[in-house]
Structure formats: C-alpha cells, structure tokens
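Topology and contacts: notes
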Amino acid sequence: ENLRILARLVVHGDGSRAIPADDFLYYAHTIESLRHDEMVVLAAIIRERLRRERLGAADVDADVRKQVIDGLKGTFTENESDGLFGALQRRGVVYMNSGFGGGGWHVSPQLMRLEATVQFTEAVAAAKARK
C-alpha cells in the first residue's frame, strides 16, 4: 500500500504537478513510515475534513475526533483510535490543541496538501478493494 501511494507521489498523471524536493522528501518519509492501521485512520480523517468542506460547514477546522471514531466503530476501539491519532501526530498530519473545556484533534495543512498531491483517500480505498 505504501509503495502504491509513493508511486502516486512520483507519477502525477499528466506530469503537471511537480512538487519541490523538500515537499517530496517530507511526504515520502511520511507515507513510507505509515502502518496499515494509521493509513485507515488517516483516510477517515481526510474524508471527514473533505465532507465538511463539501458542506461548507462552519466547523471545517474543528475537532474531528468524534466523527472519525464514530466512522471507525467496528474497526478500532476508541482507545485504539486515540493511540493512532497520537501516532499520526508525530508525523505532523494532525495536531492536538487544548483549551478551557477540553481540546481536540485537528487536521494540519500538511495533511491536506498530501491529499491534494496523492489523493490519499482514493489510494487507500483502492488498496482495500484489492484485498
């Protein structure tokens, strides 16, 4: 799965979307180090963010944890999902903020650039379909 996604980073269809070397190295390192479970959660996070964008939601940048965990019920327990969020945080694709009344998990701009570059959710869905 990781290699297929990396290939999408290298081969940009018609070749019109060249990316700077620093961005390529960052994305390549991020992709190659993802475990399967992390990819599943990451795809769910991206889907939630894109859903909010499509709806023009006022909370597009708000905490995604609840919706992602709800969407992954039966795949991961809540504790497993929280652990996977933590693993993804160290890669810089999600971040946690805290404040009065609690905090939340948020989508980083780097993650949305990764999605725009390699269509990550589409690649993960294709990998699931092959299994």
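First, a word on what this report is: a plain description of the structure on this page. Remember, it's a predicted structure, so these values are computed and weren't measured experimentally.

Definitions and cut-offs
- Residues numbered from 1 in each chain as written.
- Predicted model: local features only at pLDDT ≥ 70, side-chain atom pairs only at ≥ 80, totals over all residues.
- Heavy atoms only, no water.
- Helix = DSSP H or I, 4+ residues; strand = E, 2+ residues; numbered from the N terminus.
- Buried < 20%, exposed > 50% of the residue type's maximum accessible area, 1.4 Å probe, protein only.
- Contact = heavy atoms within 4.5 Å.
- Axes fitted to C-alpha atoms, helices over the stretch in contact; angles between N-to-C directions.
- Parallel < 35°, antiparallel > 145°, perpendicular 65-115°, else oblique.
- Nonpolar A, V, L, I, M, F, W, Y, C, P; charged D, E, K, R; others polar.
- Core = buried A, V, L, I, M, F, W, Y, C linked by side-chain atoms within 4.5 Å.
- Polar contact = N/O pair within 3.5 Å; in protein donor to acceptor, adjacent residues only side chain to side chain.

Describing the overall build of the protein
Secondary structure summary: the protein contains seven helices and two strands in total. Classification of the 131 residues of the protein by burial places 40% in the buried group. Long-range contacts, defined as pairs at least 24 residues apart, comprise 61% of the intrachain contacts of the protein with a sequence gap of at least 6.

Concerning the environment of Gln 110
Tracing the sequence through the fold places Gln 110 in helix H6 (residues 109–118). Expressed as a C-alpha distance, the spacing of Gln 110 and Asp 23, which sit 87 residues apart in the sequence, is 9.5 Å. When near neighbours in sequence (up to four residues on either side) are disregarded, Gln 110 contacts Tyr 26, Tyr 27 and Gly 92.

A closer look at H6
The set of residues buried in H6 consists of Leu 111, Met 112, Leu 114, Glu 115, Thr 117 and Val 118. Once H6 finishes, Gln 119 follows within two positions and takes phi at roughly 50°, a positive value.

Some words on the packing of helix H2 (residues 21–32) against H6
Closest axis-to-axis distance for the H2/H6 pair is 11 Å, and the angle between their directions is 90°. Taken together, the axis directions place H2 and H6 in an arrangement best described as roughly perpendicular. Counted together, Tyr 26, Tyr 27 and Ile 31 of H2 and Gln 110, Arg 113, Leu 114 and Thr 117 of H6 form the full contact between these two elements. Broken down by class, the residue content of the contact of H2 with H6 amounts to four nonpolar, two polar and one charged.

Some words on the nonpolar core
For soluble globular proteins, the rule of thumb is that nonpolar side chains tend to be buried together. Val 41, Ile 45 and Phe 120 are the most contacted members of the largest nonpolar core, which has 32 residues in total. At the level of elements, helix H1 (2–10), H2, helix H3 (36–55), helix H5 (78–89), strand E2 (102–107), H6 and helix H7 (120–130) are the ones that each hand at least two residues to this core. Considering every element that reaches this core, the biggest residue donor is H3, with eight residues. Ignoring sequence-local partners within four residues, the contact set of Ile 45 consists of Val 64, Val 68, Phe 85, Leu 88, Val 94, Val 107 and Leu 111.

Quick notes on the side chain of His 106
Tracing the backbone shows His 106 in strand E2. According to the relative accessible area criterion, His 106 is buried, its value standing at 9%. Within the structure, His 106 has its side chain in polar contact with the backbone oxygen of Asp 61 (distance 2.8 Å). Those residues in contact with His 106 that lie beyond four places of it in its chain are Asp 61, Ala 62, Asp 63, Val 93, Val 94, Tyr 95 and Asn 97.

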